[in-house]
Amino acid sequence: MDDPGRMALGDDVVVAEALLGAPEAAHEAADEGWVPVVHSELLPPGGVVGFDHDDRGPLVVWRSEGGRVVAMDDRCPHQWSSLRAVGVVDGEEIVCTTHFWRFGTDGAGCKQSMHGRRDEKDAVDVMATLDDGDRVWIRPAGD
Ligand code: FES
């Protein structure tokens with residue numbers, strides 16, 4: 001017959017390891033230049049948030065409708081609109097609604113005509129991202 005007290009202790013150990021593991025991982029990540037920017041649940045598909053980094057300046061973080069997290073400079077290269085303010089996610093792109101330039105998850109820019117023709121435009125710098133299921137991290141200094 002199982003000892004209920006022993007079972008409870010075993011469960012507690014598992015929980016404690018899980019709780020202790022997260023801060024260690026966070027410290028390691030911070031040492032490698034990763035910065036947490038938002039809880040994962042607050043950035044659903046189609047979500048857009050802004051983040052100001054001390055060295056890199058204003059950044060925008062968004063999640064494509066397919067679930068990919070993207071971090072990029074928060075400045076449309078056309079006339080410098082803030083993408084956190086006017087950006088709208090459309091599929092796997094963010095659209096600057098000032099003049100409708102579009103930027104993919106790799107930062108490549110284009111403008112799409114009403115007939116679907118796409119003309120290449122300037123790109124936006126992107127940076128590495130990581131979603132660990134709890135928080136979204138970005139690496140402003142790396143790629
Ligand atoms: S400022 Fe973004 S498209 Fe013109």
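Everything discussed here concerns the structure shown above.
The following paragraphs examine the structure supplied in this document. Source: prediction; values computed, not measured. (Residues numbered from 1 in each chain as written. Predicted model: local features only at pLDDT ≥ 70, side-chain atom pairs only at ≥ 80, totals over all residues.)

Glancing now at the sheet that holds strand E9 (residues 118-121). Strand order in this open sheet of five strands is E5-E6-E7-E8-E9, and the pairing throughout is antiparallel. Of all the strands in the sheet, just strand E5 (87-90) and E9 have a single pairing partner and so form its edges. Taking the axes of each pair of neighbouring strands and ignoring which way they run, one obtains an average angle of 35 degrees across the sheet. As paired strands, strand E6 (residues 93-96) and strand E7 (residues 101-104) are joined by four bridges and run antiparallel to one another. The residue of E7 that forms the bridge with Cys96 is Trp101. (Pairing = 2+ DSSP bridges. Helix = DSSP H or I, 4+ residues; strand = E, 2+ residues; numbered from the N terminus. Axes fitted to C-alpha atoms, helices over the stretch in contact; angles between N-to-C directions.)

This part is about the environment of Gly47. For Gly47, the location among the structural elements is in the loop between strand E1 (35-39) and strand E2 (48-53). Between the C-alpha atom of Gly47 and that of Arg63, which follows or precedes it by 16 residues, the distance is 5.5 Å. Ignoring any residue separated from it by four or fewer positions in sequence, one finds Gly47 in contact with Trp62 and Arg63. (Contact = placed C-beta atoms within 7 Å.)

Phi angles above zero are rare outside glycine, and Trp80 is one such case at about 65 degrees. One can find Trp80 in the loop between strand E4 (69-73) and helix H2 (83-86). Of the residues examined, Trp80 has 10 C-beta atoms within 10 Å and is grouped as exposed. Here the phi dihedral of Phe100 falls at roughly 70 degrees; this positive angle occurs in a residue that is not glycine. Mapping Phe100 onto the fold places it in the loop between E6 and E7. The class for Phe100 is partly exposed, based on 13 C-beta atoms found within 10 Å. (Buried ≥ 20, exposed ≤ 12 C-beta atoms within 10 Å, placed from the backbone.)

Further remarks concern the pairing of E4. Within E4, four of the five residues are buried, which leaves the element mostly enclosed by the surrounding structure. Pairing of strand E3 (residues 57-63) with E4, which is carried by five bridges, proceeds in the antiparallel orientation. Residue pairing in the sheet places Val61 in a bridge with Ala71 of E4. Between the end of E3 and the start of E4, which pair antiparallel, lie five residues, with Gly67 showing a positive phi angle near 105 degrees. Two strands pair when backbone bridges link them, and E4 and strand E10 (residues 126-131) are joined in this way by two bridges, in the antiparallel orientation. For Ala71, the partnering residue across the bridge sits in E10 and is Met127.

Purely spatial values, then, with no claim about function.
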